[in-house]
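# Notes for the structure review
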Amino acid sequence: SLKDESGLLPSLRIVQEPRGLDLIRKATAATGQGHLAAMKAVRPGMTEGELKAIMETAFRAAGGTGLSYDSIVGTGRNAASLHYTHGGGVIGANDLILIDAAASVGGYASDITRTFPASGTFTPRQRADYDLVLAAQAAAVAKLKAGDYYEDLQEAAKDVFRKVGRIDDFYHGLGHFVGLDVHDPGDYMKPLPAGSVITMEPGLYVQSQNYGIRIEDLYLVTATGNERLSEGIPRTVAEIEAAMAR
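Throughout what follows, the structure given in this document is the object of discussion.

Each value, and the rule that gives it
Residues numbered from 1 in each chain as written. Predicted model: local features only at pLDDT ≥ 70, side-chain atom pairs only at ≥ 80, totals over all residues. Heavy atoms only, no water. Core = buried A, V, L, I, M, F, W, Y, C linked by side-chain atoms within 4.5 Å. Buried < 20%, exposed > 50% of the residue type's maximum accessible area, 1.4 Å probe, protein only. Helix = DSSP H or I, 4+ residues; strand = E, 2+ residues; numbered from the N terminus. Contact = heavy atoms within 4.5 Å. Phe/Tyr/Trp six-rings, centres within 6.5 Å; stacked < 30°, edge-to-face > 60°. 1 Å grid on protein atoms, 1.4 Å probe; cavity = no way out; pocket = protein on both sides within 12 Å on 5 of 7 lines; lining within 4 Å. Points joined across faces, edges and corners; volume = space filled by probe spheres on them. Nonpolar A, V, L, I, M, F, W, Y, C, P; charged D, E, K, R; others polar.

### Considering the nonpolar core
By size, the foremost hydrophobic cluster in this structure holds 48 residues, and its most contacted members are Leu51, Ile97, Ile99, Phe116, Leu144, Ile198 and Met200. For this core, the element with the most residues is helix H4 (residues 124–141), which contributes 7 residues. Contacts of Met200, omitting those with residues within four sequence positions, involve Gln137, Ala140, Val141, Leu144, Leu153, Leu174, Ile215, Glu216, Asp217 and Tyr219. Membership of the second largest hydrophobic core comes to 14 residues, among which are Ile24, Ala102, Tyr108 and Val182.

### Some remarks on the packing of aromatic side chains
Within a pair of aromatic rings, the relevant descriptors are the distance that separates the centres and the angle that separates the planes. Scanning all chains against the criterion turns up 5 aromatic pairs. With a centroid separation of 5.1 Å and an interplanar angle of 70°, the aromatic rings of Tyr150 and Tyr188 are classed as edge-to-face. Taken together, the positions of Tyr150 in helix H5 (residues 150–162) and Tyr188 in the loop between H5 and strand S6 (197–200) put the pair 38 residues apart, joining distant regions of the chain. By relative accessible area, which is 27% here, Tyr188 ends up partly exposed. The interplanar angle of 35° and the centroid separation of 4.7 Å between the aromatic rings of Phe177 and Tyr188 together place this pair among those described as tilted. Here Phe177, found in the loop between H5 and S6, pairs with Tyr188, found in the loop between H5 and S6; they are 11 residues apart in sequence, far enough to count as distant. Judged by its relative accessible area of 1%, Phe177 falls in the buried class. Members of the aromatic cluster, each reached through a chain of ring pairs, are Tyr150, Phe177 and Tyr188.

### Considering the layout of surface pockets
When its volume is computed, the largest pocket comes out at roughly 340 Å³. In this structure, the largest pocket is lined by 18 residues; those nearest its centre are His83, Asp100, His176, His183 and Glu201. Counted by class, the lining of the largest pocket contains 5 nonpolar, 7 polar and 6 charged residues. Computed from the structure, the second largest pocket encloses a volume of approximately 160 Å³. Lining the second largest pocket are Gly7, Pro10, Ser11, Ile14, Gly186, Asp187, Lys190, Pro191 and Pro193.

Purely geometric numbers; function is a separate question.
The following block contains the structure:
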């Protein structure tokens with residue numbers, strides 16, 4: 001007789017063993033160096049492709065052995081396109097730049113997104129919207145631990161946007177599992193198991209005003225809570241502005 005066991009491998013891949021987790025940590029460390037290099041190097045007038053090359057060179061210099069996926073570097077309106085990869089846009093002085101890119105190490109992926117101002121300083125409107133996205137991420141992360149459900153995390157993030165009437169500007173999923181693949185297999189209808197690695201990536205996208213904001217971090221789910229694997233990559237407004245000033 002035949003029995004459908006197509007769920008077996010995804011169930012095994014959802015929990016990372018120590019060797020795999022070590023490679024994800026190394027990939028994330030290399031990724032952080034690339035994002036930091038981009039923040040320090042960006043100048044109005046550069047193309048997205050030029051900034052992408054600087055970042056990916058830093059990935060390799062920091063120990064990255066490949067890319068987890070095609071790097072996304074979007075400036076201005078391009079940042080509001082979720083899977084934008086063209087790279088020909090010219091960075092404007094008042095633009096926000098969204099970079100969704102990550103190194104891989106030993107076949108294991110990472111996945112990080114940062115959004116920062118080309119000028120090095122957020123405008124008041126940019127700061128307000130950025131802090132709103134960060135608050136949505138924090139609301140979801142506060143619920144992130146083994147035994148919780150992905151749907152509850154997503155609703156926690158959405159509630160932050162709903163309260164200020166911005167839910168229509170957030171139109172993708174909150175996160176996904178990461179492992180051997182950047183979108184690794186896993187059952188989102190079951191409680192999150194300890195040892196799984198997942199992204200939390202809320203965003204706001206307003207093409208009519210030529211900007212998009214996404215903040216994406218990588219988390220290890222633990223029995224009592226979670227660990228941000230992307231710790232140390234500038235994330236708050238103050239951290240980003242300080243990194244760019246250097």
